[in-house]
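Remarks on the overall topology
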Amino acid sequence: MSSATIEMEQFTVGRSSGCDLMLTHPSINRAHVKIYFTHDTVLIEDLDSEGGTFVFHEGSYKRIKTAKIRYDTKVRLGSDLEGIQVKEIIDDFRYVQERKKKDIFKRVKSVGLKRCFDCGTVINKEKIYCDCCGAIFEESA
């Protein structure tokens, strides 16, 4: 019998540039919240923030440490911000990740490098094989 694995993504939200999604607002801590998600489930975890993380439940916002919620659930980070659906925060994270990926590809191309399609290692354009995984590249015309 084979078991299916569920691919769970995660990211941090906060004021710090080290966070995956940076929000610059005074009521947001440097590392405020961590969000884990699959195609149908979201787990939100407050990272001991001063302003707190709140989930809209039964007509009002409740402060949480961790909560399993749906994509359409409204959350509020800190005490001064408006509530927003967690889906919008996840969409913002995906947009930022896609932009970062495009920027990396532009920089790699501009300095005469390429990526191995098998393992993703950055290598010199003249190389015909990858030192990391041993993949051999076809010559391009």
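Predicted, not measured: the structure shown is a model, and the values here were computed from it.

1. Overview of the pairing of strand 6 (residues 60-64)
Relative to strand 6, strand 5 (residues 53-57) runs antiparallel, the two sharing 5 bridges. Counted as the bridge partner of Thr 53 is Ile 64 from strand 6. Once strand 5 ends, the chain turns through 2 residues before running back antiparallel as strand 6, passing Glu 58 with a positive phi of about 50°.

2. Considering the sheet that holds strand 8 (residues 74-77)
With respect to topology, 4 strands assemble into an open sheet ordered 6-5-8-9, the strand pairing being antiparallel. Two strands in the sheet have a free side with no partner beyond their single neighbour: strand 6 and strand 9 (84-85). Two strands pair when backbone bridges link them, and strand 5 and strand 8 are joined in this way by 3 bridges, in the antiparallel orientation. Looking at the pairing, Phe 54 lines up with Arg 76 of strand 8.

3. Observations concerning unusual backbone geometry
Positive phi, close to 55°, is recorded for Asp 48, a residue that is not glycine. Structurally, Asp 48 is set in the loop between strand 4 (42-46) and strand 5. Take Asp 48: its relative accessible area is 64%, and that puts it in the exposed class. Residues other than glycine seldom take positive phi values, yet Glu 58 does so here, at roughly 50°. Mapping Glu 58 onto the fold places it in the loop between strand 5 and strand 6. For Glu 58, a relative accessible area of 69% translates into the label exposed.

4. Structural notes on the packing of aromatic side chains
Summed over the entire model, instances satisfying the criterion amount to 4 aromatic pairs. Relative to Tyr 61, the ring of Phe 56 has its centre 5.0 Å away and its plane inclined at 65°; by these criteria the two rings are edge-to-face. Members of the aromatic cluster, each reached through a chain of ring pairs, are Phe 11, Phe 37 and Phe 93. The ring of Phe 54 has Arg 76 sitting right over it, with the charged end atom 4.3 Å from the ring centre. A cation over an aromatic ring shows up here: Arg 76 above the ring of Tyr 61, its NZ or CZ 5.0 Å from the ring centre.

5. Notes on the nonpolar core
If you look at the biggest cluster of nonpolar residues, it comprises 20 residues, and the most contacted ones within it are Phe 11, Ile 35 and Ile 44. When residues of this core are traced back to their parent elements, those giving at least two are strand 1 (9-14), strand 3 (33-37), strand 4, strand 7 (66-69), strand 8 and helix 1 (86-110). At 4 residues, helix 1 tops the list of elements feeding residues into this core. If we skip the residues at most four places from it in the chain, Ile 35 touches Glu 9, Gln 10, Phe 11, Val 13, Val 42, Leu 43, Ile 44, Val 86, Ile 89 and Ile 90.

Rules and cut-offs
- Residues numbered from 1 in each chain as written.
- Predicted model: local features only at pLDDT ≥ 70, side-chain atom pairs only at ≥ 80, totals over all residues.
- Heavy atoms only, no water.
- Pairing = 2+ DSSP bridges.
- Helix = DSSP H or I, 4+ residues; strand = E, 2+ residues; numbered from the N terminus.
- Buried < 20%, exposed > 50% of the residue type's maximum accessible area, 1.4 Å probe, protein only.
- Phe/Tyr/Trp six-rings, centres within 6.5 Å; stacked < 30°, edge-to-face > 60°.
- Lys NZ or Arg CZ within 6 Å of the ring centre and 35° of its normal.
- Core = buried A, V, L, I, M, F, W, Y, C linked by side-chain atoms within 4.5 Å.
- Contact = heavy atoms within 4.5 Å.

Any functional reading would require information that these geometric values do not contain.
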